[in-house]
Amino acid sequence: MLIARSIAELRQHLARSSRPAFVPTMGNLHAGHTTLIDRAKPLGDCTVASIFVNRLQFLPHEDFDSYPRTWEADCAKLEAAGCDVVFAPRETDLYPEPQTVKVQADPVLGDILEGEFRPGFFTGVSTVVMKLFMSVFAGKTEGVAVFGKKDYQQLMVIRQMVRQFALPIEVMGVETCRAADGLALSSRNGYLSEAERAEAVQLSLALRELGRDALAAADALHAHLPALEAKAMAGLRQRGWQADYLTVRRRHDLQAPQAGDALVVLGAAKLGATRLIDNFEI
C-alpha cells in the first residue's frame, strides 16, 4: 500500500490509473469504512482512500482539535482491506494558502436539516471534496467515489455538485453499516460512555417508528406529519436526548413529501456531549 502526503505525490502514484475508485475519510476508521473499500475495489483499477480531518467543516465549538487521529490503526485496516493508495495530506499540503475560494451548496438542499443546525458545514464539505476530487481525478476521464448513506444529505450535496460541475465521476452510495443492536456505525460512537452506548440505539428505533407511522398515514401524510415528527422528537427528549430534528422527507431533494414520493426518515440528536445522526429509506 502506497502512502502519498502531497498532491504531487498522489498524482505520481496514480499516473497509470485510468479509473480510480476513491473513498474519502477523516480517519478513525471502523467497519463501515472498510466496507466502502470493499465496494470500491471492483469499480476501478486503483483503490484510493484519503485520511484528512477537514477544519473547514467544523464549527468553532465543535470537536476539530479532539477528533480522534488513529493513523497507525487506520493504515492497518486499509491495508488489510486491500486499499492501494492512501492520501494523507497535511493541512498545509491541501490548503497551502487560506482557502478563500469555496464551493457553496445549493441553499435549497444545503441550508436545511444539517445545514440549519451546522451553518457552513456543507460549504466546508463541498470545498474539501472538490479539492480531493481534483487531487485524485485530475487528468482522468472517469472514476468513482464511494460514500456511506449514513451521511445522507452530504451524499446528495456531493451528487449535485458532481452533476452541476460535469465532473467525470460516478458517485456511489453504500448502505449504512450497523452494530448488532442497530446503531449506525460512526467514528463519534467512541465518545459514548457505556451507558450512553446502550441508549444510543434509541435514535434508530425512534426513526424506524416514525417511518412506520408515516407509511401508515400515507394517504394523508401532509396533514399528519407535523404531529408524527413532534411525537418522535418528544419521545427522545423524554429519554434525555437533545433532539435537533426527526423528520420525513422525499428522497430525491429532501423537501417536504408529497403523495407518492419515495421517502427517507432522517434524524439528528445529542446524547450527552455526542451528536449522532441516522436515517432510513422507507
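Parameters and conventions
- Residues numbered from 1 in each chain as written.
- Predicted model: local features only at pLDDT ≥ 70, side-chain atom pairs only at ≥ 80, totals over all residues.
- Heavy atoms only, no water.
- Buried < 20%, exposed > 50% of the residue type's maximum accessible area, 1.4 Å probe, protein only.
- Helix = DSSP H or I, 4+ residues; strand = E, 2+ residues; numbered from the N terminus.
- Pairing = 2+ DSSP bridges.
- Core = buried A, V, L, I, M, F, W, Y, C linked by side-chain atoms within 4.5 Å.
- Contact = heavy atoms within 4.5 Å.
- Phe/Tyr/Trp six-rings, centres within 6.5 Å; stacked < 30°, edge-to-face > 60°.
- Lys NZ or Arg CZ within 6 Å of the ring centre and 35° of its normal.

## Overview of the pairing of strand 8 (residues 263–271)
Consideration 1: Counting buried positions along strand 8 yields eight of nine residues, so the element is predominantly enclosed.
Consideration 2: Pairing geometry for strand 7 (residues 242–250) and strand 8, over eight bridges, is antiparallel. Its bridge partner being in strand 8, V248 is matched across the sheet by V265.
Consideration 3: Pairing of strand 8 with strand 9 (residues 274–281) involves eight bridges; the strand directions are antiparallel. Counterpart to L271 in the pairing with strand 9 is T274.
Consideration 4: What sits between strand 8 and strand 9 in their antiparallel hairpin is a turn of two residues, with G272 showing a positive phi close to 65°.

## Looking at the nonpolar core
Consideration 1: By size, the foremost hydrophobic cluster in this structure holds 44 residues, and its most contacted members are F133 and L254.
Consideration 2: Those elements that place two or more of their residues in this core are strand 3 (46–51), strand 4 (85–87), helix 7 (121–137), strand 5 (144–148), helix 8 (152–164) and strand 8.
Consideration 3: Here this core gets ten residues from one element, more than from any other, and that element is helix 7.
Consideration 4: Setting aside chain neighbours within four positions, we find F133 in contact with F22, A138, A145, F147, I158, M161, V162, L167 and I169.

## Some thoughts on the packing of aromatic side chains
Consideration 1: Applying the stated criterion across every chain yields a total of nine aromatic pairs.
Consideration 2: Ring geometry for F58 and Y67: centres 6.1 Å apart, planes at 75°, overall edge-to-face. Per residue, the accessibility class of F58 equals that of Y67, and both read buried.
Consideration 3: Among the aromatic residues, ring-to-ring pairing joins F22, F133, F137 and F147 into one connected group.
Consideration 4: Taking the ring centre of W71 as reference, the NZ or CZ of R5 above it sits at 4.5 Å.
Consideration 5: If you follow R69 out to its NZ or CZ, it ends over the ring of F64, 4.9 Å from the centre.

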